[in-house]
Amino acid sequence: MACLPTAAMQAVSVQLSWTHQFQFAGYYVALARGYYREEGFDVELRPGGHGAAAPVDAVTLGRSEFGVGNAGLAVRRMKGADVVALAAVLQETPLVWIAARPPTDERAGAPALTHERLAELARARVMWRGKVDDQVELALPLAAAGIDLARVPQAMPPDPIEQFEAGEIELMSGYRSTEVQELRRRGVPHALIELDRRLPGFYSEILFTSGALAAQDPQRVERFRRATLKGWRAAFDDIEGTARLIHRLHAPHLGVEQLMAEGRELESLSHRDDIELGHMSQLHWRRVADEQVRLGLASEADLARLDGLLWRVDREPVALMPDPMRVALTGVVAALWLTVWGLWRIAARSRAEADQLKAAQQQQGDDDLRFQFLMDVAPFPVLMFGIRDGHVAYANERAIGALGLAGDSAELRIHDSLPSLRPGGELMQRLQSSRILRDVELERPGVGAEAAHWSLLTMRAVEYEGKPCAFAAAVDITLRKRAEIELSLLSAQRGRIIEEVEQLQAKLRDASVRDPLTGLFNRRYLDATLRRELHRSQRESRPLALMVVDADHFKRINDHYGHAGGDEVLRQIARVLQDRHRSEDVVCRYGGEEFVVVLPGSDLGFAAERAEQLRQLIAALEIPTDGGFAHITVSIGVAATLPGDDADRLFKRADAAVYQAKHEGRNRVVLASVATGPSLPAQVTLPGEPDRPAPAEADPS
Ligand SMILES: Nc1nc2c(ncn2[C@@H]2O[C@H](COP(=O)(O)OP(=O)(O)OP(=O)(O)O)[C@@H](O)[C@H]2O)c(=O)[nH]1
C-alpha cells in the first residue's frame, strides 16, 4: 500500500508502561517497518518508568491516545476509568514471585512452596513495588497464604539481582522475561511461585485506549490495533532481528542476547492454546475481575461497569490452527458438526405429528436456539449460503472475521470474498452432485493493504427454507500458507544466491590463473599444467613440444612508445599466439615480455613449423600506439620431450634455445637439438630475418 503523505498522517502517542525493552517490541517493529504509516499514523512511543505518566492516567487524561496496561485495567474500569482494552499481547502474565531456593534443592520439578513457607518468606526479606491493583497475580498467592500484599512494605533496591544472588533477598517480584532470565543466566538457584492453575491466565501487555476515542473514531482505533498486532507478529517471527533493532534504536544499554532471551519468553506467553495473538474474551475478563473482587480491589456492584472494557470490532480475530494435525482434527470435528446438525434438523422435522405440533414447534424452537448458540460460539468459522445465488444466510462471528464477510447481511454474497464459490462454478457443481466436499483449500484474495487469506472448508449441501444451500465450516490456514509461500521464495532465493556464489568462485578461480594484461594463462598455471601434460604424454607415449617466445629489444619499445604502447604490443603478441593455437595447446604469459606455448602431441618438426609461422606473423604486425605504429620481432626457442625428461629440463632446453636465438641476432627460431640430451644443447637455427631493424629504430609512421 502506498504510504500516505505526512500531511495526511494522524499524530498519536502510546504511553508505554516501562522503559524500552522487548516488552514493547511490536510497537518498535510496526514503527520501523512502516505499518503505522501504512495505516496513516505518525506514532510517538513514550517510555514509562520512574517519573513518567502511568499509562491509564495518560490515556484517560487525553495526553496519549493509546497505552500499554495489564489486568489492572479491569480494576480501573470497575472503579470508573474510561478505558477500553484493544488487544492482549500476552495471554499469561510474565509477573511472578521469585523465591530463594537452597542450593541443595536442585531436584527438577521441586514441589511448589507451601503456604506456610510463602508466608514466612513474605514476612522476611521481600522486595516488591507497585500498585496492588496492577499486580493481582502477585497478590493472589499471598492472599492464599493469608497475607495481604497491600500491607507488605514496598522496597526494591537498584540491584535486586545482585542482592538476591548474595542471599540478601528471599522473595522478590520480577518478570519471567527479564529478572528470571538473568537469574537463569547467572545460574542462581531460585523457585517461581506458580499461580493456581484454576485461575484464569492474567492478560498482560494490553493495548488500550479511552472509551471516548473508541466511540468517536472506531475505525481509527481499529487501524491502530491492526498495525500494532502486525508489528507484534513480525516481532515474534524474527526475535533476533527485533532484538537487534531494539538494541540499535531504543535500548543500546541492553545486549542483543539479553533482548532475545526476553523475546523468546514473551513469545511463549503470547499464545495460549490456539488463540490468535491479541485475542481477548469477555468471559475471561469477567473471571479476572471476579478474582479482583475477591481480593477486595473492587466491589460486586462495580462488576456492572466491566461491560465495555472489551473492544468490540466487526472483525474478531480468528483462532488459527496452522498445525496440520489440528487442521485435520478440526476438519473431522467440522464434519461431525455438520452431520449432527443435519440429523438434528431431520429429527426436529419428523416430530410434525398433528396433535403434538405445538409442543414440537416449541421444542424445535428451543433446539434451534441452543444450536444457534453453539454455532455462534463455535471456535471456527461456520456459515451457510445459497448454492444458486451465493447469498450468505448465516455466518458466525468467526466467519465474519476470517472470511471477510463484514457488511450488510442482506447484501452479503459468498463469492465476493471467496471467488471460487461463485454460483454455477466448478465447486458448487461438485457440491450439488456429491453433497459433501471436505478440506477444500480456498484463497480469499487480498484487498488493498490486506494480504490474501486461505481457509480449508468442509461443505455439505442442505435444503434451507426451500432453497439449496451450502452449510460450511472452515479452518484458517493463512499462517501455514504464508509460511509455505515464504519458504518457497526463500528456497528460490537461496538457489539464486548459490548460483551467484558459484559464478563468483569460478571467476575468482579463473582470475587466479590468468594474466590481467593479456588474458592468457599465467606462470602459476603453466607450472601445474606443464607437469600434468608431460606425465600424460609419457603415459600415452606421445611427443610434447614447448616454445619460449621472447620479444626482441622490448625495452626500446617501452622507451619509444611509452609503457602503454609497450602494453599494447604485448597484447598484440598474445593475440597472435592465442589465435593460432589448437584447442589442446596451452598459451601462457610467462612474465614480462616472455611467452610460453605448450604443444601436446607435437614433435619438434611440427613445433618448429608453428614457431616459424608465429614469428612471421608477429614480425608483420603493425601495432597502433599513441606514438605511431610499432613493429616487433620475437626470438623463439623450441624443445621437444626426450625419454625420461621432466618439465624443468624441457623448459631449460627451450630457454637455452631462445638465449641462442638472441645471441645469433634475434628474430629467429632456434631448435634445441634432440641428440644432445638434457645438458646444454647444441642448437639448430631456423633461418629468419636476422637483420630486421630493431623496433625503436624503426621509423614510427
Ligand atoms: N609495457 C610493459 N613493459 C614491460 C612489462 N613487463 C616487463 N616490461 C619491460 O620489458 C623490458 C624487458 O627488457 P629486457 O629484459 O632488457 O629485454 P629486451 O629489452 O626485450 O631485450 P632482449 O630480450 O634482449 O631482446 C623491461 O624494460 C621491462 O620494464 C609490461 O607488462 N608492460
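Cut-offs used in this document
Residues numbered from 1 in each chain as written. Predicted model: local features only at pLDDT ≥ 70, side-chain atom pairs only at ≥ 80, totals over all residues. Heavy atoms only, no water. UniProt positions renumbered as here; feature names shortened; annotations may be inferred. Helix = DSSP H or I, 4+ residues; strand = E, 2+ residues; numbered from the N terminus. Buried < 20%, exposed > 50% of the residue type's maximum accessible area, 1.4 Å probe, protein only. Contact = heavy atoms within 4.5 Å. Areas by Shrake-Rupley, 256 points an atom, 1.4 Å probe, with all protein chains shown as cover. Salt bridge = Lys/Arg side-chain N within 4 Å of Asp/Glu carboxyl O. Expected span 1.5 Å × (residues − 1). Axes fitted to C-alpha atoms, helices over the stretch in contact; angles between N-to-C directions. Left-handed = near helix turned anticlockwise from the far one by under 90°. Nonpolar A, V, L, I, M, F, W, Y, C, P; charged D, E, K, R; others polar. Core = buried A, V, L, I, M, F, W, Y, C linked by side-chain atoms within 4.5 Å. Domains from an automatic or database assignment.

- An unreviewed UniProt entry lists the protein chain under the name diguanylate cyclase, with Leptothrix discophora given as the organism.
- According to the UniProt record, the Catalytic activity (unreviewed entry) comment for the protein chain is "2 GTP = 3',3'-c-di-GMP + 2 diphosphate".

### Regarding the overall build of the protein chain
- Secondary structure assignment for the protein chain yields 23 helices and 22 strands.
- Burial status across the protein chain gives 50% buried among its 701 residues.
- Put simply, of all contacts in the protein chain between residues at least 6 apart along the chain, 71% involve residues at least 24 apart.
- For the protein chain, the exposed surface amounts to about 34,000 Å²; the carbon and sulfur share of it is 52%.

### A closer look at the pattern of salt bridges
- The tally for this structure, following the rule as stated, stands at 40 salt bridges.
- Two residues, Asp-645 and Arg-653, come together in a salt bridge whose shortest N-O distance is 2.7 Å.
- In this structure, a network of salt bridges that share partners links the residues Glu-162, Glu-165, Glu-182, Arg-185 and Arg-186.

### Points about helix H20 (residues 523-539)
- The end-to-end C-alpha distance of H20, which contains 17 residues, comes to 24 Å, matching closely the 24 Å that a straight helix rising 1.5 Å per residue would cover.
- Within the sequence span of H20, burial applies to Leu-526, Thr-529, Leu-530, Glu-533, Leu-534 and Ser-537.
- Taken together, the buried residues of H20 touch strand E15 (544-551), strand E16 (586-591), strand E17 (594-600) and helix H23 (647-663).
- Phi for Ser-541, located one or two positions after H20, is positive at around 55 degrees.

### A look at the UniProt feature "coiled-coil region" (unreviewed entry) in the protein chain
- Those residues carrying the UniProt feature "coiled-coil region" (unreviewed entry) are residues 487-514 in this numbering.
- As annotated, residues 487-514 has a helix share of 89% and a strand share of 0%, and its two end C-alpha atoms lie 40 Å apart.

### Details of the packing of helix H21 (residues 554-579) against helix H22 (residues 604-619)
- Viewed as axis vectors pointing N to C, H21 and H22 meet at an angle of 145 degrees, and their least axial separation amounts to 10 Å. Classified by chirality, the crossing of H22 by H21 is right-handed. Across the interface between the two elements, Ile-573, Val-576 and Leu-577 of H21 pack against Leu-614, Leu-617 and Ile-618 of H22.
- Its residues assigned to classes, the contact of H21 with H22 comprises 6 nonpolar, no polar and no charged.

### Re the nonpolar core
- Ranked by size, the top nonpolar core spans 48 residues in total, and within it Leu-73, Trp-97, Leu-149, Leu-171 and Trp-285 carry the most contacts.
- Listed by contribution, the elements that provide at least two residues to this core are helix H3 (55-60), helix H4 (72-78), strand E4 (83-90), strand E5 (95-100), helix H5 (115-123), helix H6 (136-144), strand E9 (204-210) and helix H13 (282-294).
- Per element, the largest residue contribution to this core is 5 residues, and it comes from H6.
- Viewed by domain, this core spans two of them, domain 1 (8-93 + 202-306) and domain 2 (95-193), each represented by three or more residues.
- Discounting chain neighbours no more than four positions away, the residues touching Trp-285 are Asn-70, Ala-71, Leu-73, Ala-74, Ala-85, Tyr-203, Ile-206, Met-280, Leu-306, Leu-309 and Leu-310.
- Among the nonpolar cores identified, the runner-up in size contains 46 residues, and Ala-25, Phe-224, Leu-229 and Trp-232 belong to it.

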